[in-house]
Amino acid sequence: MSKTHHVAVIPGDGIGPEVVREGVRVLERVASLHGFQARLTRYPFGAEHYLKTGEIFPESAFSEVRQHHAILLGAIGDPRLEVGLLEFGIIAKMRFELDLYVNLRPVRLYAEHLCPLKDTRPADVDFIVVRENTEDAYAGMRGFFKKGTPDEVATQEIIFTRKGVERAIRYAFDLARKRARGRKLTLIDKANAVRAMDLWTRTFAEVGAEYPDIAREHNYIDAACMYVVRDPGQYDTVVTSNMFGDIFTDLAAMIQGGLGIAASGNIHPGQVSLFEPIHGSAPRHAGRGVANPIATIMAVNMMLDDLGESAAATHIEDAVAGLLRSKKLPSLGTDSGFSTSQIGDLVLEAIDQVRAPA
Ligand code: IPM
Ligand code: MN
């Protein structure tokens, strides 16, 4: 009996539906090659749905979505709506209410010509960032006082809990142990200025004592932004807080070839997790068929790895790596000269070229 994975698919806004269509084609192809089933349930949530119905993400649908084994998301966000309304009502809702406490961001350069840094080879860019995903300024503890007056006060609390910090750090140590490469974990914080981050420093040292085989390093976020551009090869596994992780991983995405390739997993180990490209809905490119679907295809790769389909996941990664090395795509942006579905076709061809599974 072949295994069946139940996947909730939320294509979302802007280019989301276009890139998700290609991600799903790839998912279906590897499922048939590797002998498992992917049973998809599509959900319409996003700007159009909200404008038509006034619904953001109703509880009935949410409780259905969480019954799935995984969630695949395209992109959320629309300039016609209030900033943050859908981002918080859909993406952040899932991160918080499903307690997806790790935002995992692999940063790998598959082909030298995709890196904007000179003399940087694929072997120099191969690290993974563990971004804490449920705390920090994202917790929504905010307020406005005397709003709209010259005396306005705006506050938003940064919160860290021992539990939240520790589970992110533990996940990162375990991951560093599994990775063949560096056996090194770098903590990125700003404990010199944001003294609340002393909780990160102490927890890192305490948990680290249980992992004597993993070398520990510590960078402040401002310095890390310099180092990653100057010498990305120094990083193997990185752990950091929610907001620094948000910024650092966009910077890191550029080093691996940009938003056309960067994917992320919002993970609670052993429970339903959410996979998405890190790019947004790119409203000005929506409907033009020019968005690169490879980031979503790499989100499918991460999802399959999480679902225990590691051979299928590796198959996708090898196919994408081969395609990128072939230089058939001159760039990973919207100017590649290939349409979204043509890039999907190229990935499917590459999947068929990669050695078929035994
Ligand atoms: C990301 C995005 C989100 C974030 C936004 C859409 C709220 O930038 O997934 O990195 O800041 O976490
Ligand atoms: Mn971001």
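Please refer to the structure placed before this passage.
Described in the following lines is the structure provided in the data block. (Residues numbered from 1 in each chain as written. Chains lettered and ligands numbered in written order. Predicted model: local features only at pLDDT ≥ 70, side-chain atom pairs only at ≥ 80, totals over all residues. Heavy atoms only, no water.)

**Topic: the site of ligand 1**
Link 1 in the chain: Near ligand 1 you find Glu 87, Arg 95, Arg 131, Tyr 138 and Asp 246, and these make up its full shell.
Link 2 in the chain: Note that an oxygen atom of ligand 1 is positioned 2.7 Å from one of the side-chain N or O atoms of Arg 95.
Link 3 in the chain: Within the contact set of ligand 1, an oxygen atom lies 2.7 Å away from a side-chain nitrogen or oxygen of Arg 131.
Link 4 in the chain: For ligand 1, whose unbound accessible area comes to 320 Å², protein coverage reaches 70%.
Link 5 in the chain: In a pocket analysis with a 2 Å cut-off to the grid points, ligand 1 is assigned to the second largest pocket. (Near = heavy atom within 4 Å. Polar contact = N/O pair within 3.5 Å; in protein donor to acceptor, adjacent residues only side chain to side chain. Areas by Shrake-Rupley, 256 points an atom, 1.4 Å probe, with all protein chains shown as cover. 1 Å grid on protein atoms, 1.4 Å probe; cavity = no way out; pocket = protein on both sides within 12 Å on 5 of 7 lines; lining within 4 Å. Sits in = over half its atoms within 2 Å of the grid points.)

**A closer look at unusual backbone geometry**
Outside of glycine, negative phi angles account for most residues, and trans bonds account for most peptide bonds.
Link 1 in the chain: Even without being glycine, Ala 282 reaches a positive phi, approximately 40°.
Link 2 in the chain: Within the fold, Ala 282 resides in the loop between β12 (273-277) and α9 (294-306).
Link 3 in the chain: Classification of Ala 282 by relative accessible area gives partly exposed; the value is 26%.
Link 4 in the chain: The backbone of Lys 327 shows a phi angle near 60°, a positive value even though the residue is not glycine.
Link 5 in the chain: Positionally, Lys 327 belongs in the loop between α10 (310-325) and α11 (340-353).
Link 6 in the chain: Its relative accessible area of 55% is what places Lys 327 among the exposed residues. (Helix = DSSP H or I, 4+ residues; strand = E, 2+ residues; numbered from the N terminus. Buried < 20%, exposed > 50% of the residue type's maximum accessible area, 1.4 Å probe, protein only.)

**Things to note about helix α8 (residues 242-255)**
Link 1 in the chain: With 14 residues, α8 should cover 20 Å at 1.5 Å per step; its first-to-last C-alpha distance of 20 Å lies within 8% of that length.
Link 2 in the chain: Three or more residues of α8 are buried, namely Asn 242, Phe 244, Gly 245, Phe 248, Thr 249, Ala 252, Ala 253 and Ile 255. Mapping the buried residues of α8 onto a view down its axis gives an arc of 165°, with all of them on the same face.
Link 3 in the chain: Elements that come into contact with the buried residues of α8 comprise β4 (102-108), β5 (126-132), β8 (184-189), α7 (221-230) and β10 (237-240).
Link 4 in the chain: A positive backbone phi angle near 120° is found at Gly 257, which sits one or two residues after α8. (Expected span 1.5 Å × (residues − 1). Arc of directions from axis to C-beta. Contact = heavy atoms within 4.5 Å.)

**Quick look at the layout of surface pockets**
Link 1 in the chain: Of the pockets and cavities examined, the largest pocket occupies roughly 790 Å³.
Link 2 in the chain: In this structure, the largest pocket is lined by 29 residues; those nearest its centre are Pro 106, Ile 128, Arg 179, Asn 301 and Asp 305.
Link 3 in the chain: The set of elements that each furnish at least two residues to the lining of the largest pocket consists of β4, β5, α5 (162-178), β11 (263-267), α9 and α10.
Link 4 in the chain: Per-element tally for the lining of the largest pocket: the top contributor is α9, with five residues.
Link 5 in the chain: Across the lining of the largest pocket, the residue classes break down as 17 nonpolar, four polar and eight charged.
Link 6 in the chain: Domain assignment of the residues forming the lining of the largest pocket places at least three in each of domain 1 (1-100 + 271-358) and domain 2 (126-255).
Link 7 in the chain: Approximately 500 Å³ is the volume found for the second largest pocket.
Link 8 in the chain: Around the second largest pocket sit 25 residues that line it, and Ile 91, Arg 95, Asp 246, Glu 276 and Ile 278 are the ones nearest its centre. (Points joined across faces, edges and corners; volume = space filled by probe spheres on them. Nonpolar A, V, L, I, M, F, W, Y, C, P; charged D, E, K, R; others polar. Domains from an automatic or database assignment.)

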